[in-house]
Amino acid sequence: MKIMDKFGDMLMAIVVFALVVVLIVALAWLVGQIRTRASGKVQGFIYILPVLIMLLGGLVYPAILTIRQAFGGPTGDEGFGVENFVAVFTRPELLRPLINTAIWVVCVPVFATIVGLAYAVLVDRSRFEAFAKALIFLPMAISMVGASIIWKFMYDFRAAGETQVGLFNAILTGIGFQPVDFMQIRWWNTFFLIVVMVWIQAGFAMTVLSAAIKGIPDEIIEAAKIDGTTGWKLFRFITLPSIRGSLVVVLTTVGIATLKVFDVVRTMTGGQFDTSVLALEFYNYSFRYSQYGTGAALAVVLFILVLPIVIYNVVQMRKDA
Amino acid sequence: MARRVLKSIAVASSLSLAVLLSACADVGTGGDTASPGSTAATTGGGDQAGGTLDCEAYKKFGDLEGTTVTVYTSIIAPEDQPHIDSWVPFEECTGVDVEYEGSKEFEAQLLVRVKGGNAPDIAYVPQPGLLATLVRETGKVVEAPAETSANVDEFFDPAWKGYGSVDGKFYAAPLGANVKSYVWYSPKTFTEKGYEVPETWDDLMTLTEKIAADNPDAKPWCAGFGSGDATGWPGTDWLEDVLMRTAGPDVYDQWVAHEIPFNDAKVVEALDTAGKILKDPKYVNGGFGDVNSIATTTFQDGGQPILQGKCFMHRQASFYAANWPEGTKVAEDGDAWAFYLPAVDPEAGKPVLGGGEFVAAFADRPEVKAFQTYLSSADWANEKAKATPNGGWVSANKGLEIDNLASPIDRLSAETLQDEKAVFRFDGSDMMPSVVGAGTFWKGMTDWITGQSTQESLDFIERSWPQ
């Protein structure tokens, strides 16, 4: 019975959706029949109206609510004050995730881009290009949680004398060193987690940058070579400037993805051992501790951090266009 | 051609629809065909002779035929089936259809659903702290009916009624329970080595020392605080259990209610007492490594080395019984068994730390009230015990016949809960505000076991307590 009810609900929803579409098209058609100077504009407006309504209701309104909650004390609904933001920047359990997020946002895009770029340049026009590219692109196909579980095994730790399950500790003990509990070395453990994200994102960087490198006109490279420019100089003065736009896209896209990092940390350490990040604490405060105000403040901080990256990206795209 | 394709599509889709429908019909009737324990006679069940439910008790709620009650819980397959089965007598008596929904994300989702106006009729709330949040923040929890309240007065220790109450009003009757004050050990190994189950805390420490001296290749204790994003909770249990022993249940109550600071001198003393076991490299962490390895060892793995003789004791709740590998004999004379974590002074009573779920209602329809009343009765507790043939379930309901419980450890838990001398207290971290109880307390214990000092760890948690 329950599934039947759900089918009914779904059918109903589809019918309503179809009716709305028909209504909009009919309305636009009617306006189009009037043939005055403004009718074209009105027609356009009618078409974007549903999108506008959805944007306002689904994005702008909740965003305003969140910002309001961020100023409403820990529970989000009392008075108006900045105590949540003070908490984010002073309480150690919130300040640490903020610093960690900053480390993530600096490291992941830079390393992912460097690895992707180096790889793209090295395999460019080599015999095994397709195969080599497939190898580095594979991690992209794995979910963040899946990748984290794989790396959890890589870093896995057993006491000295026991059989090491983790690859790195197996190597370390194999060449005579003591095993290391990677997840517990404070400060460094954040970088061990960052490696996972770089591993996932390098494939994306490589794909975009490789396409950009292939897009450089052969004439330019040939001309440079005739002029005697080779190796590092060719890369520095020809390749790099030519793919500047793509580099920006890669850096900013990876940067935004990194700001939202959640799965890797939650899967590998649960935010313990000082590895937590903003997105994880935002989830914790909003949905586990029911401190919506603090959660909203974290979301707002995250939003403010994303803004400059997005703005820079838009400005660059306009320049390119 | 086109017509033929269309026809085959129609046939295929109607076929798959039919399969779907029959599948869902199975789900609907599956509960009715299994009538667990309807022939098993209960011994001395008072008014309920022959194990059948006394339907009269539910008549006063009116004619409930054809009504539906929805239940939302964190218990997912396969543990949900015993619950569904245990409702059958009620459904047969009243004609109410009880719909079950379990979710792993229950705790995060429940508040969202209630606030969003999509509350279930009944939710099994596993923490008094969450219940208080639901009552105070949403105002949508309905007070328990008088019949339920009377059942709780009759069958439960008064402490339990307090845990189901918020601001002096009684909302939620207790459902299942677990006992946390246990130390798992191997009776076989203890007999071989001539060790005896300790009666006092001093005995426990003497035994610890003796095991460490006798067994250079093993450690007396093993422990694991790891539990994914809940890492640290076994540490909170340790502190709570020890605090109840070193400072007494009254101080424990004050501490949980934040009437004394979280970092009170008595709490420092308790955590240091726990640290004498957990932070001593001579005593931990059998089979896993140094003290730090406690933080990354999952609590499920925690006690396993007992079976290999790499450690001898593992403090963990009754539900740890489910974690022993298949074929392990969990019994008083078996491979694994549990003893009560001894009190410092057994004369002063027997502090028992435990947990459980509570039945909160979000609707005040008569069928919901009738169902609440059923769940708080001894009839249900016995029905649930019989519907759980593989064990792993206990209730603090004093009307629960211990013989109805399937596994020895469940019977031990029920005996501990029904013990006259037992002073039961609910898991403190489950009653504190969740930002502490599920946040900084866990983090503080994890930092503590990885080297932070007792004072620093407790100060950190105290600072995070919501004003």
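If you're wondering where the values come from, they're calculated on a predicted model, not measured in any experiment.

Trainee: What should I look at first to understand the packing of aromatic side chains in this one?
Mentor: Aromatic rings considered in pairs are described by the distance between their centres and by the relative angle of their planes. All chains considered together, the criterion is met by 44 aromatic pairs over all chains. Aromatic pair Trp151(A) and Phe168(A): ring centres 6.2 Å apart, planes at 40°, arrangement tilted. One end of the pair, Trp151(A), is in helix 6 (residues 144-154); the other, Phe168(A), is in helix 7 (residues 167-174), with 17 residues separating them in the sequence. The exposure class assigned to Trp151(A) is buried, which follows from its relative accessible area of 8%. Measuring from centroid to centroid gives 5.8 Å for Trp184(B) and Trp324(B), while their planes differ by 55°, and the two rings are tilted. Taken together, the positions of Trp184(B) in strand 7 (residues 182-185) and Trp324(B) in the loop between strand 9 (311-315) and strand 10 (337-340) put the pair 140 residues apart, joining distant regions of the chain. For the pair formed by Trp184(B) and Trp324(B), the shared burial category is buried. The structure contains a cluster of three or more aromatic residues connected by ring pairs, namely Trp151(A), Tyr155(A), Phe168(A), Phe182(A), Phe192(A) and Trp199(A). Against the face of Phe237(A) rests Arg236(A), its NZ or CZ located 5.1 Å from the ring centre. Over the ring of Tyr72(B) we find Arg113(B), and its NZ or CZ is 4.4 Å from the ring centre.

Trainee: So what exactly am I meant to see when it comes to a negative patch on the surface here?
Mentor: Residues and elements named next belong to chain B. Together, Glu196, Glu199, Asp202 and Asp203 make up a region of like negative charge exposed at the surface. Mapping glutamate 196 onto the fold places it in the loop between helix 9 (187-193) and helix 10 (201-214). For glutamate 196, a relative accessible area of 66% corresponds to the exposed category.

Trainee: I'm lost on a nonpolar patch on the surface in this one. Help?
Mentor: All names here are of chain A. A contiguous nonpolar patch, built from Phe17, Val21, Val25, Phe45, Tyr47, Ile48, Leu49, Leu52 and Ile53 and spanning about 830 Å² of accessible area, is present on the exposed surface. Where the nonpolar patch is concerned, the elements lending two or more residues are helix 1 (2-34) and helix 2 (39-70). The greatest single-element share of the nonpolar patch, amounting to six residues, is contributed by helix 2.

Trainee: Please clarify how the pattern of salt bridges should be interpreted in this entry.
Mentor: Once the charged atoms of two side chains with opposite charge are near each other, the side chains can pair. Applying the stated rule across the entire model yields 26 salt bridges over all chains. In this structure, Arg91(A) and Glu93(A) form a salt bridge, with 3.0 Å as the shortest nitrogen-oxygen distance. Under the relative-accessibility criterion, Arg91(A) is labelled partly exposed at 23%. The exposure class assigned to Glu93(A) is buried, which follows from its relative accessible area of 7%. Among the ionic pairs, Asp419(B) bridges to Lys350(B), the shortest N-O distance being 3.0 Å. Note that Asp419(B) is positioned in the loop between helix 18 (408-418) and strand 12 (422-426) and Lys350(B) in strand 11 (residues 350-361), a separation of 69 residues in sequence. By relative accessible area, which is 25% here, Asp419(B) ends up partly exposed. What you see here is one network of salt bridges that share partners, running through Lys180(B), Asp237(B), Asp241(B), Arg245(B), Arg315(B) and Asp427(B).

Trainee: Before we go on, may I ask you to explain unusual backbone geometry in this structure?
Mentor: Trans peptide bonds make up the majority, and among non-glycine residues the majority have a negative phi. Between Val284(B) and Asn285(B) the backbone carries a cis peptide bond, its omega angle lying at 5°. Here Asn285(B) lies in the loop between helix 13 (265-278) and helix 14 (293-296). Unusually for a residue other than glycine, Trp187(A) sits at a positive phi of about 70°. Its place among the elements puts Trp187(A) in the loop between helix 7 and helix 8 (188-214). For Trp187(A), a relative accessible area of 42% corresponds to the partly exposed category. Look at His258(B): it is not a glycine, yet its phi comes out positive at around 60°.

Trainee: Could you clarify how one ought to interpret the UniProt feature "domain: ABC transmembrane type-1" (unreviewed entry) in chain A in this entry?
Mentor: Mapped onto this structure's residue numbering, the UniProt feature "domain: ABC transmembrane type-1" (unreviewed entry) falls at residues 98-313 of chain A. Spanning residues 98-313 of chain A, this segment combines 75% helix with 0% strand, and its end C-alpha atoms are found 23 Å apart.

Trainee: Looking at this structure, I do not really get the UniProt feature "transmembrane region" (unreviewed entry) in chain A. What am I missing?
Mentor: Residues and elements named next belong to chain A. Here, UniProt's "transmembrane region" (unreviewed entry) annotation points to residues 12-32, 44-64, 102-122, 134-154, 191-213, 234-259 and 292-315. The straight-line gap between the two end C-alpha atoms of residues 12-32 is 30 Å; of that span, 100% is helix and 0% is strand. Strand forms 0% of residues 234-259 and helix 96%; the C-alpha atoms that close the span are 34 Å apart.

Trainee: Hey, could you run me through the sheet that holds strand 7 of chain B in this one?
Mentor: In a beta sheet, neighbouring strands are held together by backbone hydrogen bonds and run either parallel or antiparallel to one another. Residue and element names in this part refer to chain B. Overall, mixed pairing links the four strands, which are arranged 8-9-7-10 in an open sheet. Edge positions in the sheet fall to strand 8 (219-221) and strand 10, since each of these pairs with one other strand and no more. The mean inter-strand angle of the sheet, taken between neighbouring strand axes irrespective of direction, is 25°. When strand 7 meets strand 9, the two strands line up antiparallel, connected through two bridges. In the strand pairing of strand 9, valine 183 is matched with arginine 315. The sheet strands contacting helix 18 are strand 7 and strand 10, and the helix crosses strand 10 at an angle near 10°.

Trainee: Sorry if this is basic, but what is going on with the confidence of the model for chain B here?
Mentor: One rule of thumb: low pLDDT means the predicted coordinates there are not for detailed reading. Residues and elements named next belong to chain B. Summarising the model, chain B shows a mean pLDDT of 84, and 89% of its residues fall at 70 or more. A low-confidence stretch, residues 9-51 stays under pLDDT 50, and its non-local contacts, those more than four residues away or across chains, total 29 contacts. For this predicted complex, the interface score ipTM comes out at 0.77, while the overall pTM is 0.79.

Scoring rules and cut-offs
- Residues numbered from 1 in each chain as written.
- Chains lettered and ligands numbered in written order.
- Predicted model: local features only at pLDDT ≥ 70, side-chain atom pairs only at ≥ 80, totals over all residues.
- Heavy atoms only, no water.
- Phe/Tyr/Trp six-rings, centres within 6.5 Å; stacked < 30°, edge-to-face > 60°.
- Helix = DSSP H or I, 4+ residues; strand = E, 2+ residues; numbered from the N terminus.
- Buried < 20%, exposed > 50% of the residue type's maximum accessible area, 1.4 Å probe, protein only.
- Lys NZ or Arg CZ within 6 Å of the ring centre and 35° of its normal.
- Patch = residues over 30% accessible without salt bridge, like charges linked within 9 Å, V, L, I, M, F, W, Y side chains within 5 Å.
- Areas by Shrake-Rupley, 256 points an atom, 1.4 Å probe, with all protein chains shown as cover.
- Salt bridge = Lys/Arg side-chain N within 4 Å of Asp/Glu carboxyl O.
- Lys, Arg positive; Asp, Glu negative; His and termini not counted.
- Charge placed at Lys NZ, Arg CZ, Asp CG, Glu CD.
- UniProt positions renumbered as here; feature names shortened; annotations may be inferred.
- Pairing = 2+ DSSP bridges.
- Axes fitted to C-alpha atoms, helices over the stretch in contact; angles between N-to-C directions.
- Contact = heavy atoms within 4.5 Å.
- pLDDT = per-residue confidence, 0-100.

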